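Take a look at the letters that make up each chain.
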Amino acid sequence: MAAAPPSYCFVAFPPCSKDGLVVFGKNSARPRDEVQEVVYFAAADHEPGSKVECTYIEIDQVLKTHAVVLSRPSWLWGAEMGANEHGVCVANEAVVTREPASESEALLGMDLVRWVACRAVTSLSNTKGLDDGDPRLGLERGATAKEALDVIVALLEEHGQGGNYYEDGSSCHTFQSAFLIVDRSEAWILETSGKYWAAEKITEGVKCICNQLSLTTKIDAEHPELRNYVKSQGWWNGDSDFNFSEVFSLADDHLACCSGRESLEKQGGDVSAQAMIAVLRDKDSGVCVDSESFLTTASIVSVLPQDSSFPCIHYFTGTPDPSRSIFKPFIFVDDVKLVPKVQSPSFGNDDPAKKIPRFQEKPDRRHELYKAHEWARSLLENDQVRTMGLEIQEDKGQKLMRIMLDLEKQGLEAMEDILTRTEVLDPAEVVDLFYDCVDTELKFFK
């Protein structure tokens, strides 16, 4: 059974976070050569009876979807993480459970992320277990964290989850899914195995999820047949306390996995965007993954003011390794300027991910920012080699990184100003915000 990539997601609520803010962050660990792009989709109305083509299957479209911004592996439809215009953030984690994940093509956990973000408010009659969930689906369809959760579990019930998590024609890598779903007032940890699921509500403190199950006996919502199912499998006798991770994990795989949470907790009440970024950049703790098989291929930090009169701010890297990338801000307003320089080439129906058999070749999916960042990373790696050879002077790569971090700091300070000013934000002030940040980064690389 394949090991799940070691990604990390965090959320901090008051009193641990600063100035009444909810702070969300995720590092997406994926195969080293995979490219992630940052994409924006405007809110949209859809014809009754229309369909939407997800990564592997087609499902019914809803009448209205929310505006979303997503960081996604460029070969698939869904997303690893993202946010919608209502301040709902969703991140997906691949997990391994004692129930083998299906190789049959269905919804990926990453598809559910997008759906949750995009889906508009709907009246779901059975929120205890009949809602679906790809992170992308969740974002398109959910206006609160709880609505996003309901969307995900309903989709799981109807369509199931399965299919290859990687762009790999030689082997099928399958996983179950866990999600961290956050809005301005609460978060939900949702962990799944097949169509069965359990969820915990979070309203204070710091919480982390990774590639291991973490829910124990505190369960605030669950699939209506969850306990009967595990009893029928002989995994739980019904007499002891029901502990989700102990029941569904392999051996001792349910042990605490979140290095980095302590770093945030030590901040006291000062967890901010800067503090979350520092945790995501920490290679010593393992939160920033850089191994032979996996790399942190993209990162996100979101700041959600509990006061809804202030805008939510979402920071994306769009490039690998947050310790060598900069976080660029995005704010939802009408007519956001698209940023093709962080979008991968489109291959349409000729994409090897869409042809059957799939993944028989790998096209070059690098976008313009990714290519420029590759060049900058090579400079830094050359500097590192020279430093190991005891040349102490600051070299070109180090100088470039210092300049870029200074630009990032200026951006963070400007966003802090937006969150503390008394006057209402003028949308024209930020309509080009993410575009301008990417453009500036590219100019320095060149």
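Below, the structure is looked at part by part. Just so we're clear, the structure is a prediction, and the values are computed from it rather than from any experiment. (Residues numbered from 1 in each chain as written. Predicted model: local features only at pLDDT ≥ 70, side-chain atom pairs only at ≥ 80, totals over all residues. Heavy atoms only, no water.)

## A look at the overall build of the protein
When helices and strands are tallied, the protein shows nine helices and 19 strands. Taken over C-alpha atoms, the radius of gyration comes to 21 Å for the protein, in line with the 22 Å a tight globule of 446 residues would show. Each of the 446 residues in the protein was classed as buried or not, and the buried ones make up 58%. Taking the intrachain contacts of the protein between residues at least 6 apart in sequence as the baseline, contacts between residues at least 24 apart amount to 67%. Treating the 45 positive side-chain charges of the protein as one cloud and the 73 negative ones as another, the clouds have centres 3 Å apart. (Helix = DSSP H or I, 4+ residues; strand = E, 2+ residues; numbered from the N terminus. Rg over C-alpha atoms; globule rule 2.2 N^0.38 Å. Buried < 20%, exposed > 50% of the residue type's maximum accessible area, 1.4 Å probe, protein only. Contact = heavy atoms within 4.5 Å. Lys, Arg positive; Asp, Glu negative; His and termini not counted. Charge placed at Lys NZ, Arg CZ, Asp CG, Glu CD.)

## Here we look at the packing of helix α1 (residues 109-118) against helix α2 (residues 145-159)
To characterise two packed helices, one gives the angle between the axes of the helices and the distance between these axes. The interhelical angle for the contact between α1 and α2, taken along N-to-C directions, is 135°, at an axis separation of 9 Å. In terms of orientation, α1 and α2 fall into the oblique class. Viewed along their axes, α1 and α2 form a crossing whose handedness is right-handed. Within the contact between the two elements, α1 uses Leu112, Trp115 and Val116 and α2 uses Ala148, Val151, Ile152, Leu155 and Leu156. (Axes fitted to C-alpha atoms, helices over the stretch in contact; angles between N-to-C directions. Parallel < 35°, antiparallel > 145°, perpendicular 65-115°, else oblique. Left-handed = near helix turned anticlockwise from the far one by under 90°.)

## Concerning the side chain of aspartate 150
Structurally, the position occupied by aspartate 150 is in helix α2. In this structure the side chain of aspartate 150 is engaged in a polar contact, spanning 2.7 Å, whose partner is the side chain of lysine 146. (Polar contact = N/O pair within 3.5 Å; in protein donor to acceptor, adjacent residues only side chain to side chain.)

## Observations regarding the sheet that holds strand β17 (residues 294-305)
Here six strands make up an open sheet; going across it, the order is β15-β1-β2-β17-β18-β19 and the pairing antiparallel. The outermost strands of the open sheet, each flanked by one partner alone, are β15 (206-209) and β19 (328-330). Across this sheet, the average inter-strand angle for adjacent strands is 15°, counted without regard to direction. (Pairing = 2+ DSSP bridges.)

## Quick word on the pairing of strand β14 (residues 196-202)
Across the seven residues of β14, six count as buried, placing the element largely inside the fold. Both strand β13 (residues 187-193) and β14 contribute to a ladder of seven bridges, which runs antiparallel. Bridge assignment links threonine 192 to a residue of β14, and that residue is tryptophan 197. Between the end of β13 and the start of β14, which pair antiparallel, lie two residues, with glycine 194 showing a positive phi angle near 65°. Bridging between β14 and strand β16 (residues 221-222) involves two bridges; their strand directions are antiparallel. Bridge pairing in β16 places alanine 198 opposite glutamate 222.

## Digging into the environment of isoleucine 209
Here isoleucine 209 lies in strand β15. With relative accessibility at 1%, the residue isoleucine 209 sits in the buried group. Here the alpha-carbon distance between isoleucine 209 and serine 7, two residues 202 residues apart in the chain, equals 8.5 Å.

## So, the packing of helix α8 (residues 396-420) against helix α9 (residues 433-445)
As a packed pair, α8 and α9 sit with axes 10 Å apart at the nearest point and diverge in direction by 165°. With respect to their mutual orientation, α8 and α9 come out roughly antiparallel. Considering the relative orientation of α8 and α9, their crossing is right-handed. Taking contact as the criterion, the partners of Leu400, Ile403, Met404, Leu407 and Met415 in α8 are, on α9, Leu433, Thr440, Glu441, Phe444 and Phe445. Residues that form the contact of α8 with α9 fall into these classes: eight nonpolar, one polar and one charged. (Nonpolar A, V, L, I, M, F, W, Y, C, P; charged D, E, K, R; others polar.)

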